[in-house]
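What follows is the residue order along each chain.
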Amino acid sequence: MSEHTTKPEVHLSHSQVQEFTQCPRKYHLHRRLKVPPDFMPSALLFGIALHEALALFHQRRLEGRAASLAELHNTFLGQWKAEKLPVRYSRGENQNSLKAMARRMLAYYIENPVCSGEVIGVEQPFRIMLSTDLPPVHGRIDLIEMAPGSELYVSDLKTSKNGSKPAADQLVLYREAVRLLDFPASGIVHCQYVVLTKTAEPKIKVFELDVTAEDVVNLVSRYREVWQAIQAGVAYPIPSWRCGGCQWKHHCDQV
Ligand code: SF4
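Residues numbered from 1 in each chain as written. Predicted model: local features only at pLDDT ≥ 70, side-chain atom pairs only at ≥ 80, totals over all residues. Heavy atoms only, no water.

Chemist: Sorry, what's going on with unusual backbone geometry here?
Modeler: As a rule of thumb, non-glycine residues mostly have phi less than zero, and peptide bonds are mostly trans rather than cis. For Lys34, which is not glycine, the phi torsion reads 55° and is therefore positive. With respect to the helices and strands, Lys34 occurs in the loop between helix H2 (24-32) and strand E2 (40-41). Judged by relative accessible area, Lys34 falls into the partly exposed class, the value being 46%. Residues other than glycine seldom take positive phi values, yet Glu123 does so here, at roughly 50°. In this fold, Glu123 is placed in strand E4 (residues 118-128). (Helix = DSSP H or I, 4+ residues; strand = E, 2+ residues; numbered from the N terminus. Buried < 20%, exposed > 50% of the residue type's maximum accessible area, 1.4 Å probe, protein only.)

Here it is as structure tokens:
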């Protein structure tokens, strides 16, 4: 591993914290040593490509236009085609089955969109200070809408096989970002996960989260612990079911 150099961290993101929490060794290889991954898991590429297509759907709404299924599916396919790494497919999947699945999911989403108000932000970037002892935290909020009565809807769009409720952290961060960025609103902010299922017959599940001040305090505390561990160079492995699909497995034992 000696040929890889480390660079000091200058910011934090939700995905950094999540990756470190799941496995500090993976974080170390990916983010500190910047070791290139060996392959791209099909599930990850699928999620990224579908996310791009859904972002376009909402961007068109922001522009007062409608997106066609062909346009969205082409966005998905373009993202897929742009992938440089070899794609590793999960059992029972191949390129054609996933492209067909994406088309079904996008068709369902066009017919059953979760529209909570007028779109005022798509892939909205933020960079906020959660605490003076943390670096700036940055990220992007998938969708921000304003409903009649100036209520804000902050949505994170996800794809999932089983449609289960995601962990709360990401929405807690987005809720705090919206507060610190001072979006125009009456003060009522709804935070929701919109989960599109990756199933033969796609469905949409919406999970609204009631974010409290205590949730934010707990989030900052967790981020602080992770940040301190990152600064200390913690890099121990956490072997788990994730190792089977780990893009850095090949390098894991060589650290
Ligand atoms: S193979 Fe497992 S323990 Fe090693 S870096 Fe990947 S997830 Fe972590």
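Chemist: Even after reading the chapter, I still don't get the pattern of salt bridges, so can you show me in this structure?
Modeler: A pair can form between side chains of opposite charge whenever their charged atoms are brought close. Scanning the model with the defined rule gives 11 salt bridges in all. The salt bridge partner of Lys161 is Glu93, with a shortest N-O separation of 3.8 Å. With Lys161 in the loop between strand E6 (151-160) and helix H6 (169-181) and Glu93 in the loop between strand E3 (87-88) and helix H5 (95-111), this residue pair connects regions lying 68 residues apart in the sequence. The exposed category is assigned to Lys161, whose relative accessible area is 54%. Among the salt bridges present, the one from Arg224 reaches Asp133, with a minimum N-O distance of 2.7 Å. Of this pair, Arg224 sits in helix H7 (residues 213-231) while Asp133 sits in the loop between E4 and strand E5 (137-147), placing them 91 residues apart in sequence. (Salt bridge = Lys/Arg side-chain N within 4 Å of Asp/Glu carboxyl O.)

Chemist: Can you walk me through H2 in this structure?
Modeler: Every α-helix winds through 3.6 residues per turn, so residues three or four apart in the chain are directed the same way. Buried within H2 are the following residues: Pro24, Arg25, Tyr27, His28, Leu29 and Arg32. Residues of H2 that are buried make contact with helix H1 (14-22), H7 and helix H8 (249-252). At the C-terminal side of H2, Lys34 shows a positive phi close to 55°. (Contact = heavy atoms within 4.5 Å.)

Chemist: Any chance you could explain the site of the ligand here in plain terms?
Modeler: Around the ligand, a shell composed of Cys23, Arg25, Lys26, Pro237, Ile238, Pro239, Cys243, Cys246, Lys249 and Cys252 is seen. Elements supplying a minimum of two residues to the shell around the ligand: H2 and H8. Looking at side-chain class alone, the shell around the ligand contains seven nonpolar, no polar and three charged residues. (Near = heavy atom within 4 Å. Nonpolar A, V, L, I, M, F, W, Y, C, P; charged D, E, K, R; others polar.)

Chemist: Hey, could you run me through the environment of Leu45 in this one?
Modeler: Counting through the fold element by element, Leu45 comes out in helix H3 (residues 42-62). Each C-alpha atom of the pair Leu45 and Val87 lies 8.1 Å from the other, and the pair is 42 residues apart in sequence. The residues touching Leu45, leaving out its near neighbours within four places in the chain, are Met40, Gln79, Trp80, Glu83 and Val87.

Chemist: So what exactly am I meant to see when it comes to the packing of H1 against H2 here?
Modeler: To describe two helices that pack against each other, one gives the angle between their axes and the distance between the axes. Look at H1 against H2: their axes get within 5 Å of each other, and the N-to-C directions meet at 135°. Classed by the angle they form, the pair H1 and H2 counts as oblique. Contact with H1, carried on its side by Ser15, Gln16, Glu19, Phe20 and Gln22, involves Pro24, Lys26, Tyr27, His30, Arg31 and Arg32 of H2 and no other residues of that element. For the contact of H1 with H2, the residue count by class is three nonpolar, four polar and four charged. (Axes fitted to C-alpha atoms, helices over the stretch in contact; angles between N-to-C directions. Parallel < 35°, antiparallel > 145°, perpendicular 65-115°, else oblique.)

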